Amino acid sequence: MSIGQSIKRIDAYGKVTGETEYPGDINMPNQAYAKILFADRPHAIVKSIDTTKAEALEGVVGIFTAKDVPVNEYGLGIKDQPVLCGPGAEKPYTDRVRFIGDQVAFIVAENEAIAAQARDLIEVVYEDLPLVTDPEAAMQPDAPQLHPDMDSNVVLHYKIRHGDVDAAFEKADVIVEGEYRTPAQEHAFLAPESGLGYIDEEGRVTVAVAGQWVHAEQEGIAHALGLPLEQVRVIHPAIGGAFGGREDLSVQIVLALAALRLHERGIERPVKVIWSRQESMIGHHKRHRYLIRSKWGATQDGKIIAAQSEAIADAGAYNYTSTKVQGNATLQVTGPYEIPNVKVDSYSVYTNHIPGGAFRGFGGPQGAFAAEMQINKLAEKLSMDPVELRLLNAADDDSIMSFNAKLPPNVTITPVMEACAKAAGWDQQNGNWQRDAAKWPQAAAPDAPHLKRGVGFAAAFKNVGFSFGYKDNNWTTIELHGKGEIERAVVHQAGADVGQGAHTLFKQMAADALNVPLDVVELVVADTAFTGNSGSSSASRMSFMSGNSIRGAAKLALEKWQDEDRPAIATYKYYSPTTYALDHDTGESANPNFSYGYVAEAAAVEVDTETGHIRLLGVICADDVGKALNPQQVEGQIEGCVVQAAGYTILENFVEKDGVTLTDKLSTYLIPTILDIPDEVESLILEYAEAEGPWGARGMAEMPFLPMAPAIMAAIKDATGVWIDEFPLTPERVLRALGKI
């Protein structure tokens, strides 16, 4: 049996030796090369595009603008973004750019240098429009409208009205209020956007590209090009990281457009594009900035009875997944706690910033930051231990949450918090939780007086899977070949392996479900020509969804095999339990998410009060994963997630000014290096089986991200006596909070 074993990753050797080909490594005979003309301005009408000089340049194969796109729109949630911005398209208002990364022209040439030269010869006349970069200002009725065909810059306003908040605040003995700001974050995946567009042997418009959901990309291309779905093929070669940053389309449609238009002209040439790091950093979405104002009330004995929040997300120029991220943030601002009276108003708002979109945690880190800061401040004001206060208010199977319904069964936030707390030095004394500072050496006092050390604690819960009314699903086809016994088991499963080890896990799950050795299993993955729709590798859903799908297909295939129907071929489509959208006026939902994961973290920090630098000494991360299908991969996810969340909290300062990105290179946007990661990460892998999960597993890849920022902030407060309500924790921000500047 391979489930529960740390099986070596099947892609490890090729990746460490360089044999594995990523999209930028793949070359085809007679290929041409492409460059994109980006808008490079945040808000303007494109009055005209003159490509005459560029087309006259020797070596130019073709130049494509808005007039060449049959249906000039795309978008995962709302199709509000032009494929190419400029005059000539039928859809109104596609002649305008709304952020600097909007694409204006796609240039194909004999080589990259000629394509770049031709790009610079294109003459574009712009009429600048008023700039909108403050979400609160954008919400006002007299604000310039980024999308004139919509009623407002407010994409969505969610409301939660649970209980009677005003009456509860009147009864509260203690009230804390806070205003929290969370920053944008760049995904900084190793491989910038790249790919190949060509016509395959079946005459299909084909794109080989790194993404997170081949079938959604196929649908986006087909829609924009006005083609039947079966005339479009998308293939994922190796993917150099994603973290949500490849969930929205980047080069897919323009590569397909160029391949199609050249083919129509009798030019049978593949087209290759590779973005520079600078192009990548302005061209794909970022984590949403959030402004969250919170007010919580509790009784003197520590019972939280009221929570009120306003959460405003900077959606940027287009919706992308903003409204879906907003759904998560709306639930997360009250944390994994039972609070009988809740009022939340959340908004996603268009601005002329780079769009906000999916990023590991998907709204959870922003909402959890506000919730955990509030509960830590309540604990301080009540003179209670922060772990004690959390456990007193933790949700359980019977809790009625802010959406006026219970969580799915087996709510484990209490044992998760207890495990983390004990590892960090907490224990019950006379029935109350208290921390013994001597039990976690990382928090020991430093030698120098200007160095201050402290420990902080935070917890969170994270949904698994697509939710809020979407019927999540995943297809698998399995072929069993052989005579007396199964000699080959071919598994068709489209799920993208974006570095998390999904394909290794697919083999493990299939081998276990079929009761065959691991080396009997062969994978056919991430190619719309040969795989059914798996859904996206996002939302901590792939192990959960593909595991149930693989088990279902294996069961059907084995039944055929036993009936000697050989080769035995079976297809199974797994559907998740039903979820329901939040009511827009009350926030009520019978079940917004079908499963959750639970997490708690303790962080030990050292603050240099002279320089403002924060050193992360240690992190303890406790996760209920249901079942660790591959323990080493689970541990890797925890450690990687902790480092990425630490970068978000301490280092990564993505700056846009007047709609222009000032940190558009990795020399100015700093991500953690080996010298910035925690000295120690202790992974506590807890296994409380999820009834609906395959082998009891819950999704877990995003969970460690959510509590990290508030745990670090609590540790800084423990060390210095100062709360900091905004991050990243640049030295300047820290010194300012300490009153040093």
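In this text, all values refer to a predicted model and were calculated from it rather than measured experimentally.

Rules behind the numbers
- Residues numbered from 1 in each chain as written.
- Predicted model: local features only at pLDDT ≥ 70, side-chain atom pairs only at ≥ 80, totals over all residues.
- Heavy atoms only, no water.
- Helix = DSSP H or I, 4+ residues; strand = E, 2+ residues; numbered from the N terminus.
- Rg over C-alpha atoms; globule rule 2.2 N^0.38 Å.
- Contact = heavy atoms within 4.5 Å.
- Areas by Shrake-Rupley, 256 points an atom, 1.4 Å probe, with all protein chains shown as cover.
- Lys, Arg positive; Asp, Glu negative; His and termini not counted.
- Charge placed at Lys NZ, Arg CZ, Asp CG, Glu CD.
- Buried < 20%, exposed > 50% of the residue type's maximum accessible area, 1.4 Å probe, protein only.
- Axes fitted to C-alpha atoms, helices over the stretch in contact; angles between N-to-C directions.
- Left-handed = near helix turned anticlockwise from the far one by under 90°.
- Nonpolar A, V, L, I, M, F, W, Y, C, P; charged D, E, K, R; others polar.
- Salt bridge = Lys/Arg side-chain N within 4 Å of Asp/Glu carboxyl O.
- 1 Å grid on protein atoms, 1.4 Å probe; cavity = no way out; pocket = protein on both sides within 12 Å on 5 of 7 lines; lining within 4 Å.
- Points joined across faces, edges and corners; volume = space filled by probe spheres on them.
- Phe/Tyr/Trp six-rings, centres within 6.5 Å; stacked < 30°, edge-to-face > 60°.
- Lys NZ or Arg CZ within 6 Å of the ring centre and 35° of its normal.

Novice: Any chance you could explain the overall build of the protein chain here in plain terms?
Specialist: In terms of helices and strands, the protein chain carries 17 helices and 27 strands. The C-alpha atoms of the protein chain give a radius of gyration of 26 Å, which matches the 27 Å a tight globule of 741 residues would have. Dimensions of the protein chain along its principal axes, counting C-alpha atoms only, are 80 × 75 × 50 Å. Considering only residue pairs separated by 6 or more positions, the protein chain has 79% of its internal contacts joining residues 24 or more positions apart. Carbon and sulfur atoms make up 49% of the accessible area of the protein chain, which amounts to about 26700 Å² in all. Between the mean site of the 63 positive side-chain charges and the mean site of the 100 negative ones, the protein chain shows a separation of 1 Å.

Novice: Where do I start with the environment of V205 in this structure?
Specialist: You can see V205 is positioned in strand 10 (residues 205-209). Residue classification places V205 among the buried positions, given a relative accessible area of 4%. In this structure, the C-alpha to C-alpha distance between V205 and V387, residues 182 residues apart in sequence, is 56 Å. Setting aside residues up to four positions removed in sequence, V205 forms contacts with Y198, I199, L225, L227, Q231, V232, R233, A256 and L260.

Novice: Can you walk me through the packing of helix 13 (residues 502-514) against helix 14 (residues 542-562) in this structure?
Specialist: It is the contact of helix 13 with helix 14, at a shortest axis distance of 9 Å, that shows an interaxial angle of 35°. For helix 13 against helix 14, the interelement crossing comes out right-handed. Residues L505, F506, M509, A510, A513 and L514 of helix 13 form the contact with helix 14, whose participating residues are M542, S543, S546, G547, I550, R551, A554 and L558. Broken down by class, the residue content of the contact of helix 13 with helix 14 amounts to 10 nonpolar, three polar and one charged.

Novice: Would you mind showing me how to read the pattern of salt bridges here?
Specialist: Note on pairing: side chains with opposite charge can pair once their charged atoms come close. By the definition in use, this model includes 42 salt bridges. A salt bridge links R390 to E372; the shortest N-O distance between them is 2.9 Å. Here R390, found in helix 11 (residues 386-393), pairs with E372, found in helix 10 (residues 364-382); they are 18 residues apart in sequence, far enough to count as distant. When sorted by exposure, R390 lands in the same class as E372, which is buried. Several salt bridges converge on common partners, so that one network encompasses K35, E112, R119, D120 and E279.

Novice: I tried to follow the layout of surface pockets on my own but got confused; where do I start?
Specialist: Of the pockets and cavities examined, the second largest pocket occupies roughly 500 Å³. R181, T182, P183, R289 and E726 are the residues nearest the centre of the second largest pocket, which is lined by 23 residues in total. Of all the elements in the fold, those that place two or more residues in the lining of the second largest pocket are helix 4 (135-138), strand 8 (174-182), strand 13 (289-298) and strand 14 (304-316). Class assignment of the residues belonging to the lining of the second largest pocket gives a composition of 11 nonpolar, four polar and eight charged.

Novice: Before we go on, may I ask you to explain the packing of aromatic side chains in this structure?
Specialist: Any aromatic ring pair is given by two values, namely how distant the centres are and how the planes are angled relative to each other. Counted under the stated rule, the structure contains 14 aromatic pairs. Where W426 meets F457, the ring centres are 5.5 Å apart and the plane angle is 65°; that geometry is what we call edge-to-face. With W426 in strand 16 (residues 426-429) and F457 in strand 18 (residues 451-463), this residue pair connects regions lying 31 residues apart in the sequence. Looking at W426, the relative accessible area reads 4%, which means it is buried. Under the relative-accessibility criterion, F457 is labelled buried at 1%. Here the aromatic residues Y180, F359, F369, Y648, F705 and F727 are joined through ring pairs into a cluster of three or more. The aromatic ring of F169 is capped on one face by K295, whose charged end is 4.4 Å from the ring centroid.

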